[in-house]
Amino acid sequence: MTEPVLQLRGLRKAYADTPVFDGVSLALAPGEFVAMLGESGVGKSTLLNCIAGLDEVDAGDITLAGHAVRTLAEPERARLRREHLGFVFQAFHLLPHLSVAENVALPLRLLGRHGAVADAAVQALLAAVGLGALGGRSPAQLSGGQLQRVALARALVHQPRLVLADEPTGNLDPATAEKMIDLLQAQVRASGTACLLVTHSASAAARADRVVRLTAQGIVPG
Ligand SMILES: Nc1ncnc2c1ncn2[C@@H]1O[C@H](COP(=O)(O)OP(=O)(O)O)[C@@H](O)[C@H]1O
Ligand SMILES: [Mg+2]
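Residues numbered from 1 in each chain as written. Chains lettered and ligands numbered in written order. Predicted model: local features only at pLDDT ≥ 70, side-chain atom pairs only at ≥ 80, totals over all residues. Heavy atoms only, no water.

You'll find the protein entered in an unreviewed UniProt entry as ABC transporter ATP-binding protein, with Pseudaquabacterium inlustre given as the organism.

**Q** I'd like to hear about the coordination of the magnesium ion (ligand 2), residue by residue, with values.
**A** Here the magnesium ion (ligand 2) is held by the protein donor atoms Ser45 (OG) and Gln90 (OE1), which lie 2.1 to 2.4 Å from it. Residue Ser45 is found in helix α1 (residues 44-51), and its partner Gln90 is found in the loop between β6 (85-88) and α3 (100-110); the two are separated by 45 residues along the sequence. (Donors = N, O, S within 2.8 Å, 3.2 Å for Na, K, Ca; no water. Helix = DSSP H or I, 4+ residues; strand = E, 2+ residues; numbered from the N terminus.)

**Q** Any chance you could break down the side chain of Arg77 for me, citing the residues and the numbers?
**A** Mapped onto the elements, Arg77 comes out in helix α2 (residues 74-84). In this structure the side chain of Arg77 is engaged in a polar contact, spanning 3.1 Å, whose partner is the backbone oxygen of Gly53. (Polar contact = N/O pair within 3.5 Å; in protein donor to acceptor, adjacent residues only side chain to side chain.)

**Q** So what's going on with the nonpolar core? Which residues, and what values?
**A** Core analysis: the largest hydrophobic core is formed by 36 residues, its most contacted members being Leu184 and Leu197. At the level of secondary structure, the elements contributing two or more residues to this core comprise α3, α4 (116-128), α5 (144-156), β7 (162-166), α6 (174-191) and β8 (194-198). Apart from the residues lying within four places of it in its own chain, the contact partners of Leu197 are Phe33, Val34, Ala35, Met36, Ala165, Pro168, Ile181, Leu184 and Ala204. By size, the runner-up hydrophobic cluster in this structure holds 34 residues, among which are Leu6, Leu26, Met36 and Leu85. (Core = buried A, V, L, I, M, F, W, Y, C linked by side-chain atoms within 4.5 Å. Buried < 20%, exposed > 50% of the residue type's maximum accessible area, 1.4 Å probe, protein only. Contact = heavy atoms within 4.5 Å.)

**Q** Talk me through the sheet that holds strand β2 (residues 18-28); I want residue IDs and the actual numbers.
**A** Within a sheet, each strand pairs with its neighbour through backbone hydrogen bonds, oriented either parallel or antiparallel. Taken together, four strands build an open sheet; the order of strands is β2-β1-β4-β5 and the sheet is antiparallel. Where the open sheet ends on each side, the last strands, each with one partner, are β2 and β5 (67-68). Bridge analysis of strand β4 (residues 59-64) against β5 gives two bridges, and the strand direction is antiparallel. Of the residues in β5, the one forming a bridge with Thr63 is Ala68. (Pairing = 2+ DSSP bridges.)

**Q** I'd like a description of the packing of α3 against α4, backed by residues and values.
**A** Contact pair α3 / α4: the axes reach a minimum separation of 9 Å and the direction vectors enclose 130°. The angle between α3 and α4 falls in the class oblique. In this structure, α3 meets α4 at a crossing whose hand is right-handed. Contacts between α3 and α4 involve Val100, Ala101, Val104, Ala105, Leu108 and Arg109 from the first element and Ala118, Asp119, Ala121, Val122 and Leu126 from the second. Residue composition of the contact of α3 with α4, grouped by class: nine nonpolar, no polar and two charged. (Axes fitted to C-alpha atoms, helices over the stretch in contact; angles between N-to-C directions. Parallel < 35°, antiparallel > 145°, perpendicular 65-115°, else oblique. Left-handed = near helix turned anticlockwise from the far one by under 90°. Nonpolar A, V, L, I, M, F, W, Y, C, P; charged D, E, K, R; others polar.)

**Q** Go over the site of ligand 1, please, and point to the residues and values.
**A** Near ligand 1 the following residues occur: Tyr15, Val20, Glu39, Ser40, Gly41, Val42, Gly43, Lys44, Ser45 and Thr46. The backbone of Lys44 places a nitrogen or oxygen atom 2.8 Å from an oxygen atom of ligand 1. In the model, an oxygen atom of ligand 1 is placed 2.6 Å from a nitrogen or oxygen of the Thr46 side chain. Computed on the free molecule, ligand 1 has an accessible area of 570 Å², of which 54% lies beneath the protein chains in the complex. Tallying contributions element by element places α1 first for the shell around ligand 1, with three residues. A per-class count over the shell around ligand 1 returns three nonpolar, five polar and two charged. (Near = heavy atom within 4 Å. Areas by Shrake-Rupley, 256 points an atom, 1.4 Å probe, with all protein chains shown as cover.)

Okay, here's the thing in structure tokens:
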């Protein structure tokens, strides 16, 4: 059996005295597209942040691309994110002082990839999210739905091993949302990228290979 891209075992998380989740276990194989449902406030965004090494769990193991995330110091975590992870944050987190195209190019620049091939990858992804003409704009000049699509392009541009997408179609109309899921799925199929998609959209979840639900007691079939 191929080694999972992501393996979660027995994760527990609380904020101070408030438990968030416990007993969270999940494995994603290369190229697997998993949708994660769960009530608002159950800890979906928190879980994605913990997987990315941006927040801490209190117990359990997180293995990402063969690395035990919890044992890594911040510089190694940053390198792991750069090399293997694409993250579509719920609040986008684009850099306001960079243009749209520079935001999408950032993962490539951080890997030392400059030049015509990198620029073509940026332009291809901007076109794929329907923003081919807007690369020169500043994020402040885009709508929420456009920012969300820039965030998706940035998460895919370096063909990471794992994409974590936190409600990436929440600001989009149904037709655009469908196109964004097409793009995610195409990359999953073409590059063997695994994807953990947090969504409230039944139509997005229906496109996944597997649907799971996060509860306070762990992950159950969706
Ligand atoms: N930094 C934080 N400090 C304290 N509590 C937090 C923090 N971030 C999130 N929470 C709480 O943790 C729970 C899970 O939040 P979140 O992961 O955003 O849920 P979801 O994404 O499933 O809606 C919520 O009750 C939220 O209020
Ligand atoms: Mg959330």
